[in-house]
Amino acid sequence: DAGVIQSPRHEVTEMGQEVTLRCKPISGHDYLFWYRQTMMRGLELLIYFNNNVPIDDSGMPEDRFSAKMPNASFSTLKIQPSEPRDSAVYFCASSPGTSGVNEQFFGPGTRLTVL
Amino acid sequence: EDQVTQSPEALRLQEGESSSLNCSYTVSGLRGLFWYRQDPGKGPEFLFTLYSAGEEKEKERLKATLTKKESFLHITAPKPEDSATYLCAVLRSYKLIFGSGTRLLVRP
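Since the structure is predicted, the reported quantities are computational estimates derived from the model, not experimental observations. (Residues numbered from 1 in each chain as written. Chains lettered and ligands numbered in written order. Predicted model: local features only at pLDDT ≥ 70, side-chain atom pairs only at ≥ 80, totals over all residues. Heavy atoms only, no water.)

Draft legend 1. Quick peek at the overall build of chain A. Scanning chain A from terminus to terminus reveals zero helices and 11 strands. Computed over the C-alpha atoms, the radius of gyration of chain A is 13 Å, within 12% of the 13 Å expected from 2.2 N^0.38 for a compact globule of 115 residues. Projecting the C-alpha coordinates of chain A onto the three principal axes gives extents of approximately 45 × 30 × 30 Å. Per-residue burial over chain A gives 49% buried out of 115 residues. In chain A, the proportion of contacts linking residues at least 24 apart, taken out of those at least 6 apart, comes to 53%. Within the structure as shown, chain A displays about 5,600 Å² of accessible surface, and the carbon and sulfur contribution to it stands at 50%. Side chains of chain A carry 10 positive and 13 negative charges; the gap between the two charge centres is 4 Å. (Helix = DSSP H or I, 4+ residues; strand = E, 2+ residues; numbered from the N terminus. Rg over C-alpha atoms; globule rule 2.2 N^0.38 Å. Buried < 20%, exposed > 50% of the residue type's maximum accessible area, 1.4 Å probe, protein only. Contact = heavy atoms within 4.5 Å. Areas by Shrake-Rupley, 256 points an atom, 1.4 Å probe, with all protein chains shown as cover. Lys, Arg positive; Asp, Glu negative; His and termini not counted. Charge placed at Lys NZ, Arg CZ, Asp CG, Glu CD.)

Draft legend 2. Structural detail: the interface of chain B and chain A. The partner chain A presents 21 residues to the 18 residues of chain B that form the contact. Considering only the side of chain B, the residues that lose the most area to chain A are Tyr94(B), Lys95(B) and Phe98(B), jointly responsible for 38% of the buried surface there. For the pair chain B and chain A, the interface holds one salt bridge. With a shortest N-O distance of 3.0 Å, Asp56(A) and Lys95(B) are connected by a salt bridge. Linking chain B with chain A are three residue pairs in polar contact (both at pLDDT 80 or more), by the criterion used here. (Buried area = accessible area lost by both parts, 1.4 Å probe. Salt bridge = Lys/Arg side-chain N within 4 Å of Asp/Glu carboxyl O. Polar contact = N/O pair within 3.5 Å; in protein donor to acceptor, adjacent residues only side chain to side chain.)

Draft legend 3. A look at the pattern of salt bridges. This model, assessed by the stated rule, comprises 13 salt bridges over all chains. A salt bridge links Asp82(B) to Arg61(B); its shortest N-O distance comes to 2.8 Å. Pair noted here: Asp82(B) is in the loop between strand E8 (70-75) and strand E9 (84-92) and Arg61(B) is in the loop between strand E6 (56-59) and strand E7 (62-66), with a separation of 21 residues, a long-range link. Like Asp82(B), the residue Arg61(B) is buried in the burial classification. Salt bridges linked by common partners bring Glu62(A), Arg64(A), Glu83(A), Arg85(A) and Asp86(A) together as one network.

What follows is the structure, given as structure tokens:
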């Protein structure tokens with residue numbers, strides 16, 4: 001199994017530009033999570049999906065952030081327009097989500113720098 | 001409010017010097033406590049899940065324990081390859097709430 005796949009691994013953009021981060025979860029996993037990691041705030045959950053449906057987006061910082069999951073094997077996190085304070089590492093994670101609690105498997109992350 | 005606090009923030013050990021990392025938590029209705037390891041430039045890697053007070057789990061040189069208020073990650077005779085940031089998280093619904101982590105450096 002290839003694990004969770006994220007692209008790009010690094011993204012440098014200028015303030016005001018649109019940024020799209022991509023994620024392919026582990027096949028068969030019903031839950032997909034987007035996290036953001038910064039030195040100041042640590043690892044924070046932004047949004048999560050169950051069976052492609054957004055369940056909780058309370059962690060999305062502003063309307064500039066949006067996430068979609070058009071099918072079970074693909075999700076995007078979009079920032080429009082981007083700002084320097086969005087600079088962080090963004091992780092995607094997936095979980096089998098069967099009965100009980102299950103560990104989440106993280107991708108390698110996308111390091112975003114907004115100039 | 002749910003909260004996870006890890007200590008110390010950073011820990012330096014000599015190879016073979018055993019120690020423990022602490023994770024204290026306040027959460028209503030704990031569904032699980034997770035330990036992850038994160039290497040620089042990589043995503044967190046799952047280590048353990050603990051579900052109830054008194055539970056213990058082991059993996060190589062690592063042993064995780066859980067009480068009603070905190071969890072410990074014991075590292076026995078660490079090696080340089082154990083150097084990493086260790087993250088603790090509690091599960092509420094399907095949301096993981098992470099602590100800020102302990103950066104461990106094991107010197108040869």
